[in-house]
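# Coordinates in review
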Amino acid sequence: MTIKRTIDQIHELYASGESTPGEITKAALDRIERDNAGLNAFLMVDREGAERRAKAMNAGIKADLTHKPLAGIPVAIKDNLCAEGLRTTCASRILGNYVPPYTATAVRKLEEAGAIIVGKTNLDEFAMGGSTENSAFGPSRNPWNVDYVPGGSSGGSAVAVAAGHVPVSLGSDTGGSIRQPASFCGIVGLKPTYGRVSRYGLVAFASSLDQIGPLANNVRDTARMLQVISGHDRYDSTSANVEVPDYLGALTGDIKGLRIGVPSECFGEGLDAEVREKVEAAIKLLEDRGARVVEVSLPHTRYVVAVYYIIATAEASSNLARFDGVRYGFRAEESRTLSEMYRRTRDEGFGAEVKRRIMLGTFVLSSGYYDAYYEKAQRVRAMLVNDFAEAFRKCDVIATPTAPTPPFRIGEKSDDPLAMYLGDIYTVTINLAGVPAISIPCGVSKDNLPIGIQFIGPHFEEARLLNAAYAMEK
Amino acid sequence: MPITQSEVEKIAKLANLELTTEERESFSVQLAAIIEYIDQLNELDTSNIKPWQPKSAGEMSQSSASREDIVGPSLGQQKALEQSPDHDEGHFLVPRVIGG
């Protein structure tokens, strides 16, 4: 296993002159080159660019440390985030040759903070999936056991951190796509409040649910990443103009009196016994450290997957209409008419899961079914939002499992989309309500596979979540 | 709710997809299972609930969401066309739209 260094540790090496950004970046690139054939975490590695940028930082690194929170830190980004000049595929054939002419705001902020982007990571095509098996470029593998999935859709970003390629990475989370792979790979992953981080330059899947967030080996590095990428952006009208607090400063580890809400609906049928045991033990640990456990209710938990797969697919069917072979990406050869070109491009360009979701989304929005499905789902979504408001009257943080099971084997669920969707039960509701949530490791299964616990907070209370996670990590 | 292959074809047409025969067969089975699952929402009485609406930018913000309307730099024609599979003289090229 590779030695995993924290951002603080790397910065100490820079401060003492023991190492340089050029050396650390080269070491990261060498590890990626060594491991990628086996793990398939990266779809593209920018060795030349990363080494050049890192070396250029060598001379000024000590000065940079005073004002650049990610000075000389190698970072991986999910391949649905645009970075000018770096191929961005969304793990889809339809964008197989796409080189974006602009950079996502979150990525630009990382670069301004001194980060070195080393490459783009694998995902389920267009972030649709929970295993990274739906990639047009092959599945990523879990570094804990390569026969198992790393989770998804930000599987490559989770593997890159868990395998020690980079200390931190960026993912995106529409229904659990940061938190579930973090849980499956034994690392920390945070889905910020909707609007906390600009979505400009993130290829849209479901615009009312998508949010960019960090994955890291520990809570401090997660907090530092969130600090850098948060804030209002004039290029995303849904990014919130809400003050960004000092997330690192919030990490006191003091949780005396913190009220932890435990919803019984998230600990019942369908939850793996080992996951339940580890998550309950983690809650007990927090209680021992001064937190108070209170019962709360999320009464509509059994409906959340249904609501999610109506709303997310409806938005996806609309967002993915733009892939038509005209302005960018792949175009099918030798079509006689424009409409034939559209259909053949999309048929050949999209994979099975993406087509399935476009079909479902088109169905729930189609005339005659709109009220019964799409509008019904939006009504139940309003009920879910209200459930959280009620629960947060009684508690400060809600604790649930991140996923109902430990990681599963590659291929185990690939023929049964509904079984795969049901694995999202604890994560999708957070996106529907727009609240923030973090997944942190809370144990390993008897098969030596990681298990994660999820903390959920009210809107814009990421600092509270990070501190609860920090208290557990200590 | 069972979903027939002709319904699958109709949805595919709306979605600008062609689909192979195998895909039509597997999707009709899989979509039927998913739709049967999501039909459980009918257990809930939502007649008095208003559909969820996104918060406006103003509601999300501490200050007004409006800004001065100032012309800034944009992508430019060359960069905008660069990623196109086929373009000529500042235009996107596509197969014929009418007839054929």
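Coordinates for the structure precede this section.
For clarity, every value in this text was computed on a predicted model and none was experimentally measured.

## Some points on the overall build of chain A
On a plain count of helices and strands, chain A comes out with 16 helices and 11 strands. Taking 2.2 N^0.38 as the reference for a compact globule, 474 residues should give roughly 23 Å; the C-alpha atoms of chain A span a radius of gyration of 21 Å, in line with that estimate. Residue burial in chain A is summarised as follows: out of 474 residues, 66% are buried. Within chain A, contacts between residues at least 6 apart in sequence are counted, and of these 75% link residues at least 24 apart. A total accessible area of about 15600 Å² is found for chain A, and carbon and sulfur atoms account for 48% of it.

## Describing the overall build of chain B
Helices and strands together make up the secondary structure of chain B, namely 4 helices and 2 strands. The linear arrangement of helices and strands in chain B, starting from the amino end, is α-α-α-α-β-β. Counting across all 100 residues of chain B, residues that qualify as buried make up 28%. Intrachain contacts of chain B at a sequence separation of at least 6 include 28% that bridge at least 24 residues. Surface exposure of chain B reaches about 7100 Å², of which carbon and sulfur atoms provide 51%.

## With respect to the nonpolar core
The biggest cluster of nonpolar side chains holds 104 residues, and the ones touching the most others in it are A:Leu110, A:Leu170, A:Ile453 and A:Phe455. Broken down by element, this core gets its largest block of residues, 8 residues, from helix 16 (residues 462–473) of chain A.

## Regarding the side chain of A:Glu133
Residue and element names in this part refer to chain A. On the secondary structure map, Glu133 appears in the loop between strand 3 (116–121) and helix 6 (155–162). Within polar-contact distance, the side chain of Glu133 engages the backbone nitrogen of Gly411 at 2.6 Å. Residues contacting Glu133, with those up to four places away along its chain left out, are Asp124, Pro139, Val149, Phe408, Ile410, Gly411, Ser414 and Met420.

## Digging into the interface of chain B and chain A
Facing 53 residues of chain B, the contacting portion of chain A comprises 65 residues. Both sides of the chain B and chain A interface together cover about 5400 Å² of buried area, and 64% of this is carbon and sulfur. Counting every contact that joins chain B to chain A gives 4 salt bridges. Note that B:Glu18 is salt-bridged to A:Arg343, the shortest N-O span being 2.9 Å. Seen at the junction of chain B and chain A, the total is 23 residue pairs in polar contact (both at pLDDT 80 or more). Those elements giving two or more residues to the side of chain B that touches chain A turn out to be helix 1 (5–14), helix 2 (21–38), helix 3 (57–60) and helix 4 (77–82) of chain B. Here the element with the most residues in the side of chain B that touches chain A is helix 2 of chain B; it accounts for 9 residues.

## Notes on helix 2 of chain B
An ideal rise of 1.5 Å per residue puts 26 Å on 18 residues; helix 2 of chain B measures up with 26 Å between its terminal C-alpha atoms. Along helix 2 of chain B, the residues classified as buried are B:Glu23, B:Phe27, B:Ser28, B:Gln30, B:Leu31, B:Ala32, B:Ile34, B:Ile35, B:Tyr37 and B:Ile38. Looking at the buried residues of helix 2 of chain B, the elements they touch are helix 10 (304–319), helix 12 (352–365), helix 13 (371–394) and helix 14 (417–422) of chain A together with helix 1 of chain B.

## Examining the pattern of salt bridges
Residue and element names in this part refer to chain A. In the structure shown here, the tally under the stated rule is 30 salt bridges over all chains. Glu340 serves as the salt-bridge partner of Arg344, at 3.5 Å between the closest nitrogen and oxygen. Residue Arg344 and its partner Glu340 are located together in helix 11 (residues 338–349), separated by 4 residues, close to a single helical turn. For Glu340, a relative accessible area of 15% puts it in the buried group. A salt bridge links Arg379 to Glu375, with the nearest nitrogen and oxygen atoms 2.7 Å apart. Of the two residues, Arg379 and Glu375 are both situated in helix 13; the distance of 4 residues between them amounts to about one turn of the helix. Here the salt bridges do not stand alone but share partners, grouping Lys26, Asp30, Glu33, Arg47 and Glu51 into one network.

## Here we look at a nonpolar patch on the surface
Among the surface-exposed residues, B:Val94, B:Val97 and B:Ile98 lie close enough to one another that they form a single nonpolar patch of about 310 Å² accessible area. Inspection of the secondary structure assignment puts B:Ile98 in the segment after strand 2 (91–92).

## Some points on the packing of helix 5 (residues 105–112) of chain A against helix 8 (residues 219–229) of chain A
Residue and element names in this part refer to chain A. Closest axis-to-axis distance for the helix 5/helix 8 pair is 8 Å, and the angle between their directions is 110°. With respect to each other, helix 5 and helix 8 are oriented roughly perpendicular. When the axes of helix 5 and helix 8 are compared, the crossing they make is right-handed. Touching Ala106, Lys109 and Leu110 of helix 5 are Met225, Val228 and Ile229, all from helix 8. Its residues assigned to classes, the contact of helix 5 with helix 8 shows 5 nonpolar, no polar and 1 charged.

## Side note on the pairing of strand 9 (residues 397–401) of chain A
Residues and elements named next belong to chain A. Counting buried positions along strand 9 gives 5 out of 5 residues, so the element sits mostly inside the fold. Across 2 bridges, strand 7 (residues 259–263) lies against strand 9 in parallel orientation. The residue of strand 9 that forms the bridge with Ile260 is Val397. Bridge analysis of strand 9 against strand 11 (residues 450–456) gives 4 bridges, and the strand direction is antiparallel. Looking across to strand 11, one finds that Pro401 is bridged to Ile453.

## Looking at helix 6 of chain A
Residue pairs spaced three or four apart in an α-helix point in one direction, given the helix's 3.6 residues per turn. Residues and elements named next belong to chain A. Of all 8 residues that make up helix 6, 8 are buried, and the element is covered over most of its length. Here helix 6 has its buried residues at Gly155, Gly156, Ser157, Ala158, Val159, Ala160, Val161 and Ala162. The positive-phi residue at the C-terminal boundary of helix 6 is Gly164, with phi of around 80°.

## Comments concerning the packing of helix 1 (residues 7–16) of chain A against helix 8 of chain A
Residue and element names in this part refer to chain A. Contact pair helix 1 / helix 8: the axes reach a minimum separation of 9 Å and the direction vectors enclose 80°. One finds that helix 1 runs roughly perpendicular with respect to helix 8. Contacts between helix 1 and helix 8 involve Ile7, Asp8 and His11 from the first element and Arg220, Asp221 and Arg224 from the second. For the contact of helix 1 with helix 8, the per-class residue count stands at 1 nonpolar, 1 polar and 4 charged.

The rules we used
Residues numbered from 1 in each chain as written. Chains lettered and ligands numbered in written order. Predicted model: local features only at pLDDT ≥ 70, side-chain atom pairs only at ≥ 80, totals over all residues. Heavy atoms only, no water. Helix = DSSP H or I, 4+ residues; strand = E, 2+ residues; numbered from the N terminus. Rg over C-alpha atoms; globule rule 2.2 N^0.38 Å. Buried < 20%, exposed > 50% of the residue type's maximum accessible area, 1.4 Å probe, protein only. Contact = heavy atoms within 4.5 Å. Areas by Shrake-Rupley, 256 points an atom, 1.4 Å probe, with all protein chains shown as cover. Core = buried A, V, L, I, M, F, W, Y, C linked by side-chain atoms within 4.5 Å. Polar contact = N/O pair within 3.5 Å; in protein donor to acceptor, adjacent residues only side chain to side chain. Buried area = accessible area lost by both parts, 1.4 Å probe. Salt bridge = Lys/Arg side-chain N within 4 Å of Asp/Glu carboxyl O. Expected span 1.5 Å × (residues − 1). Patch = residues over 30% accessible without salt bridge, like charges linked within 9 Å, V, L, I, M, F, W, Y side chains within 5 Å. Axes fitted to C-alpha atoms, helices over the stretch in contact; angles between N-to-C directions. Parallel < 35°, antiparallel > 145°, perpendicular 65-115°, else oblique. Left-handed = near helix turned anticlockwise from the far one by under 90°. Nonpolar A, V, L, I, M, F, W, Y, C, P; charged D, E, K, R; others polar. Pairing = 2+ DSSP bridges.

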